[in-house]
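Here's the letter readout for the chains.
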Amino acid sequence: MSGKTVENKVERAANNKNVSLPMSRVKLIMKSSPDVSCINQDALFLTTKATELFVQHLALSSYNKGSGKQKNTLSYSDLADAAEETETFQFLTDILPKKILARDYLKSLEEMEEVDDN
């Protein structure tokens, strides 16, 4: 599947008045906030559609910049890289951290302890 084909599918989905995400789940998430008491159906639809478009934008940006383009796949590391490297997705770095091997983490902890001891 070429990049243009993927972009055309995303554009068609954005113009579609239907939503793919379950609105009941979005409503449940919205109601979990103590600031929200009642949710208008129009606000629920717009929030659901905006969430859907955001996820599509994140996936498309990650796919275009990622290593899986040759294999036509999108991996977690592509999402984590996009979150770290793209300014608009920087707020996701806590949610999508880069994976690190345990031995690399332990090594960095030891290095940090050595610096603190000096």
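Since this is a predicted model, take the numbers as computed values, not measurements.

1. Comments concerning the pattern of salt bridges
For the structure on display, the rule yields 3 salt bridges. The residue Glu 52 makes a salt bridge to Lys 49 at a minimum N-O spacing of 3.5 Å. Linking Glu 52 with Lys 49, this pair stays in helix α3 (residues 41-65), spanning 3 residues, or about one helical turn. Residue Glu 52 shares its accessibility class with Lys 49, and that shared class is buried. Taking the shortest distance from any N to any O, the salt bridge between Glu 84 and Lys 98 comes out at 3.8 Å.

2. Overview of the packing of helix α2 (residues 23-31) against α3
Two packed helices can be described by the angle between their axes and the distance between those axes. Packing of α2 against α3 brings their axes to within 10 Å, and their N-to-C directions diverge by 105°. Taken as axis vectors, α2 and α3 run roughly perpendicular relative to one another. Here α2 contributes Met 23, Val 26, Lys 27 and Met 30 to the contact with α3, which in turn contributes Gln 41, Leu 44, Phe 45, Thr 47 and Thr 48. Classifying every residue of the contact of α2 with α3 by side-chain character gives 5 nonpolar, 3 polar and 1 charged.

3. Considering the environment of Ala 82
Assignment of secondary structure puts Ala 82 in helix α4 (residues 76-85). Measuring from C-alpha to C-alpha, the distance between Ala 82 and Lys 65 comes to 7.3 Å, with 17 residues separating the pair along the chain.

4. Here we look at the packing of aromatic side chains
Taken as a whole, this structure holds 2 aromatic pairs when the rule is applied. Summarising the aromatic geometry, the rings of Phe 54 and Phe 89 are spaced 6.0 Å apart at their centres and angled 70° between planes, so their arrangement reads as edge-to-face. With Phe 54 in helix α3 and Phe 89 in the loop between α4 and α5 (102-117), this pair connects stretches of sequence that are 35 residues apart. Residue classification places Phe 54 among the partly exposed residues on the basis of a relative accessible area of 31%. Plain terms: the ring middles of Phe 54 and Phe 91 are 6.1 Å apart, the flat faces sit at 35° to each other, and that makes the pair tilted. Here Phe 54 is found in helix α3, whereas its partner Phe 91 is found in the loop between α4 and α5, with 37 residues between them in sequence. The class for Phe 91 is exposed, based on a relative accessible area of 54%. Chaining the aromatic ring pairs together yields one cluster made of Phe 54, Phe 89 and Phe 91. One Lys or Arg, Lys 99, reaches over the ring of Tyr 76 and ends 5.0 Å from the middle of that ring.

Definitions and cut-offs
Residues numbered from 1 in each chain as written. Predicted model: local features only at pLDDT ≥ 70, side-chain atom pairs only at ≥ 80, totals over all residues. Heavy atoms only, no water. Salt bridge = Lys/Arg side-chain N within 4 Å of Asp/Glu carboxyl O. Helix = DSSP H or I, 4+ residues; strand = E, 2+ residues; numbered from the N terminus. Buried < 20%, exposed > 50% of the residue type's maximum accessible area, 1.4 Å probe, protein only. Axes fitted to C-alpha atoms, helices over the stretch in contact; angles between N-to-C directions. Parallel < 35°, antiparallel > 145°, perpendicular 65-115°, else oblique. Contact = heavy atoms within 4.5 Å. Nonpolar A, V, L, I, M, F, W, Y, C, P; charged D, E, K, R; others polar. Phe/Tyr/Trp six-rings, centres within 6.5 Å; stacked < 30°, edge-to-face > 60°. Lys NZ or Arg CZ within 6 Å of the ring centre and 35° of its normal.

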